[in-house]
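One-letter residues, chain by chain:
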Amino acid sequence: MKKNTLFILLLCLMQMTAAKAIKIVHGPYLQDVGETEATLVWLSDSTSIGWVELFPDDGSNAYLRTRPRYYDTTIGIKREGRIHSVTVKGLKPGTSYRYRVFAQQVLSHKGIRVHYGDIVATEAYNVALPKFTTLDTSKPETSFLVVNDIHQRNELLSKLLSMGKVKSRDIVFFNGDMLNIFDSEAKFFRSFMDTAVKEFATDIPLYYVRGNHETRGQWADRFHDYVCPRKPNIYYAFQQGPVYFICLDTGEDKPDTDWEYSGITDYDNYRTEQAEWLKGIVRSDEFKKARFRVVLGHIPPFDNQGPVWHGAQEVSDKFIPILNNSGIDLMICGHNHQYGYRDKMKGCDFPIIVNSNNGVLTANTHGDKLHVKVQEADGTVNLEKDY
Ligand SMILES: [Fe+2]
């Protein structure tokens, strides 16, 4: 063997032994939990394939037997990347499942040869596995929690989640503006999402309603990689117990032509497209039959301070007329950074709550009542009311 070849071989060997072990760096967190399916999202620090193993909630040891695997695939191929998402299907409504997520490093992929490296997984040795419960439209009662306009304040997020007893809730909503600008993946996780994972999102379904600040920055068009990654849209509707939820994406607050958007936005057309989808939702049997109907959207159709901006006008013009006369019990918004309330404002036949940027909204059904409480971080109760 020539000296050169030996040297190169030695270098390769050194590199291989020095290679860092693959890590799971963010997540796992729940997305799009329904009655019969749930999506898990997690990120590794290097190119990998990923999968989920599902366990019944029967107290059995994680190492009792081989568990069913669900791979992160697209068009029949395991996806190579750092962001992994898997929708586990065929689940039973109102049923708890435990899970682990895995990533296996892909060292090289050339032609038909794939070389794999180490495997990493969420912990299963002597710890309780994360556990989620599927939704159940026949569940007699439900409760939920809403925060918004956190704007990268991890400590405040933790405090509001704790005040709202997050672990006792069926579901949690982020109603927009969780960050200031979406200019990197690190910003998304370090400024609020890692906190969400730590506090609840591995176990309690998180539904993310986009705010206008998530639409800004060079990473903004990747929002869908992290939120509802297996669904066609980031606006959606679903039911838990007696409450049917509609989650709207209200887009930006200024006209698309505003210089601040540098010509990169097209929200007027997006909201028009969404309005067509909304017409179908309010005509659906599921919507009509639900005991309660609650709408979430970041931008409200009014401004606490004065005349409305373009985004609010669009909500007024395109969404509110479709929702009127359809039996909406309540709309929950953010954006204004101070508490606001309108009980059937002009042109709108349902009440609207605007939660502040320091507040937590909690709600629970109780028979034919929907009990709602809106509280500031300092303890001030802005509203406590039955609908
Ligand atoms: Fe905000």
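Residues numbered from 1 in each chain as written. Predicted model: local features only at pLDDT ≥ 70, side-chain atom pairs only at ≥ 80, totals over all residues.

Enquirer: Just checking my understanding: could you explain the nonpolar core for this structure?
Expert: Among soluble globular proteins, nonpolar side chains are generally buried collectively. One finds Leu-40, Leu-206, Leu-296, Leu-330 and Ile-332 to be the most contacted residues of the largest nonpolar core, which totals 88 residues. Per element, the largest residue contribution to this core is eight residues, and it comes from strand E2 (residues 38–56). Setting aside residues no more than four positions away along its own chain, Leu-206 makes contact with Tyr-29, Leu-30, Gln-31, Val-172, Phe-174, Ala-196 and Ala-201. (Core = buried A, V, L, I, M, F, W, Y, C linked by C-beta atoms within 7 Å. Buried ≥ 20, exposed ≤ 12 C-beta atoms within 10 Å, placed from the backbone. Helix = DSSP H or I, 4+ residues; strand = E, 2+ residues; numbered from the N terminus. Contact = placed C-beta atoms within 7 Å.)

Enquirer: What should I look at first to understand the pairing of strand E11 (residues 171–174) in this one?
Expert: Side-chain positions along a regular strand alternate between the two faces of the sheet. Where burial is concerned, the two faces of E11 agree: the one with Ile-171 and Phe-173 and the one with Val-172 and Phe-174 are both buried. Where strand E10 (residues 143–147) meets E11, four bridges bridge the pair, whose relative direction is parallel. Counted as the bridge partner of Phe-144 is Ile-171 from E11. You can see the chain leave E10, run along helix H2 (residues 154–163) and come back into E11, and the turn it takes is right-handed. In the sheet, E11 pairs with strand E12 (residues 206–208) via three bridges, with the strands oriented parallel. (Pairing = 2+ DSSP bridges. Right-handed = clockwise from strand over helix to strand, strands pointing away.)

Enquirer: When you look at the packing of H2 against helix H3 (residues 185–201) in this model, what are you seeing that I'm missing?
Expert: The description of two packed helices rests on the angle between their axes and on the distance between the axes. In the contact formed by H2 and H3, the axes pass within 9 Å of each other and the chain directions differ by 30°. Classed by the angle they form, the pair H2 and H3 counts as roughly parallel. Like other packed secondary-structure pairs, H2 and H3 cross with a definite hand, here right-handed. Taken together, the residues of H3 that come into contact with H2 (itself represented by Asn-154, Leu-157, Ser-158 and Leu-161) are Ser-191, Phe-192, Thr-195, Glu-199 and Phe-200. (Axes fitted to C-alpha atoms, helices over the stretch in contact; angles between N-to-C directions. Parallel < 35°, antiparallel > 145°, perpendicular 65-115°, else oblique. Left-handed = near helix turned anticlockwise from the far one by under 90°.)

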